[in-house]
Structure formats: C-alpha cells, structure tokens
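Fold and contact review
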Amino acid sequence: MNTPKPKDFYAREVVMARVDHLIRRKQGEIERITRILRAFFDPTQVQTPEPGQIRRIILIGPYARRSWYEDEKTIHFSDYELWIVVNHPLFKEGECWTRARAVIDSELGDRCAVSLELYSRADIRIAKAERDTFILDRIEAGITLYRASRDAPLNERERKGARP
C-alpha cells in the first residue's frame, strides 16, 4: 500500500506574511533572499557525518525591529541581517554559501546589502546554557522566516525557479 506524499510546495506568501509590516517591495526581497539561501546552500562542499540542513532563517536588525531607513538622496539603506542556523558546525564554512551569496549579490545588486551570520544548533545550545543575551535576545526579537520543522522544503520546480 502506497502512502501519499505530503504536498511539497513552498508558499512565498507565507514568508511575505511574516514580514507584512514592510512595504511590498521589501517583503519580496526578503522572500527572494530566503528562497535563494535555501536553494543554493551547498552542503556537499564539506564532509560531515550527517546530511546538511538549514534549520532556521531568522531576520534580525532594523527590518525585524520596524526601524529600517531608506534615504534615496544619500543612498543609505538598512542592511538585511539574517541569521542562519544549520544542523552541524561544519556547514557554517564559507564554501557552503559561496553560490548563495553570489546569486544574492547578482540579483539584489546595489539595492541593499545582505549580512549573513551562521550558527550551528550547538552554538544556540551553548548560548542558552551560558545565557548569552546577545544571541538569545536577537533570536527572540527576530522574525523566523523559515523553520525546517514547520515549513515545506523547496521542490524541484521552485529550486529551478531560484535561477542559477
């Protein structure tokens, strides 16, 4: 007897709804960055005892705090600050993120800067044990854009839609 597979689709509206306090263009940019990070994360660049997985993507900083600025006259913009939690410390290596960073740079160009901070699940556990308020306060105040335990993975069509 075949059990039906769960629907494996990614609803961009879900990510956009999580940042609905932003203007539509910013919502779209954040959704696009999230999709690119998920599609172009390359865990095959390092050898680990387990398959690579992004556990969470969290928006922190001015866009999460609702205090972003955008001054077109002086060309000053707030950066998108994203924290990414992976399942193993080796997946924080730059080689795993080279392609994703290149695609983000090519698609967003000069419109905004994207800052990525990478953490492993072990880093978060240590921060909780040591009561590291720097990390814990930002995670609590941040907006979770993607959580592996609740959000659907990208399917092949959406991975192709991420455009290389």
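Description of the structure in this document. Along every chain, residues carry numbers that run from 1 in the direction the sequence is written. Where local features are concerned, this predicted model is filtered to residues with pLDDT of at least 70; where side-chain atom pairs are given and counted, the filter is 80 or more; whole-chain, interface and lining totals use all residues. In computing side-chain values, all of the structure's heavy atoms are included and hydrogens and water are not.

**Considering the side chain of Glu 29**
Strands here are runs of E lasting at least two residues and helices are runs of H or I lasting at least four, both read from the DSSP assignment and numbered beginning at the N terminus. Its place among the elements puts Glu 29 in helix α2 (residues 24–40). For every residue, the accessible area (1.4 Å probe, protein chains only) is compared with the maximum for its type, and the residue is labelled buried under 20%, exposed over 50%, or partly exposed between those bounds. Judged by relative accessible area, which is 4%, Glu 29 ranks as buried. With residues up to four places along the chain from it excluded, the contact list for Glu 29 reads Tyr 80, Leu 108, Arg 111 and Cys 112. Residue contacts are counted whenever heavy atoms from the two residues lie within 4.5 Å of one another.

**A look at the layout of surface pockets**
Here the largest pocket defines a volume of roughly 290 Å³. Grid spacing is 1 Å over the protein atoms alone, the probe is 1.4 Å, and a cavity is where that probe fits but cannot get out, while a pocket is an open set with protein on both sides within 12 Å along at least five of seven lines and lining residues have an atom within 4 Å of a point. Around the largest pocket sit Arg 55, Arg 56, Val 85, Arg 121, Ile 124, Arg 125, Lys 128, Leu 136, Ile 139, Arg 147, Ala 148 and Ser 149, which together line it. Looking at the lining of the largest pocket, the elements with two or more residues in it are β1 (54–60), α5 (121–130) and α6 (133–141). In terms of residue count, the dominant contributor to the lining of the largest pocket is α5 (four residues). Grid points are joined across faces, edges and corners, and a volume is the space filled by probe spheres set on the points.

**Section: the pattern of salt bridges**
The salt bridge criterion pairs a side-chain nitrogen of Lys or Arg with a carboxyl oxygen of Asp or Glu, the two atoms within 4 Å. For the structure shown, the criterion picks out five salt bridges. Close ionic contact of Arg 32 with Glu 107 constitutes a salt bridge, the shortest N to O distance being 2.8 Å. Of this pair, Arg 32 sits in helix α2 while Glu 107 sits in helix α4 (residues 98–108), and the two are 75 residues apart along the sequence. With a closest N to O distance of 2.8 Å, Asp 123 and Lys 92 form a salt bridge. With Asp 123 in helix α5 and Lys 92 in the loop between β4 (80–86) and α4, this pair connects stretches of sequence that are 31 residues apart. Note on Asp 123: relative accessible area 22%, which makes it partly exposed. When salt bridges with common partners are traced through the structure, they connect Arg 25, Lys 26 and Glu 29 into a single cluster.

**Observations concerning the pairing of strand β6 (residues 143–147)**
With four of five residues buried, β6 is to be regarded as a mostly interior element. DSSP calls a pair of strands paired once it identifies at least 2 bridges connecting them. In the sheet, β1 pairs with β6 via four bridges, with the strands oriented antiparallel. Across the sheet, residue Leu 59 finds its bridge partner in β6, namely Ile 143.

From the geometry alone we can't say anything about function, so treat these as descriptive.
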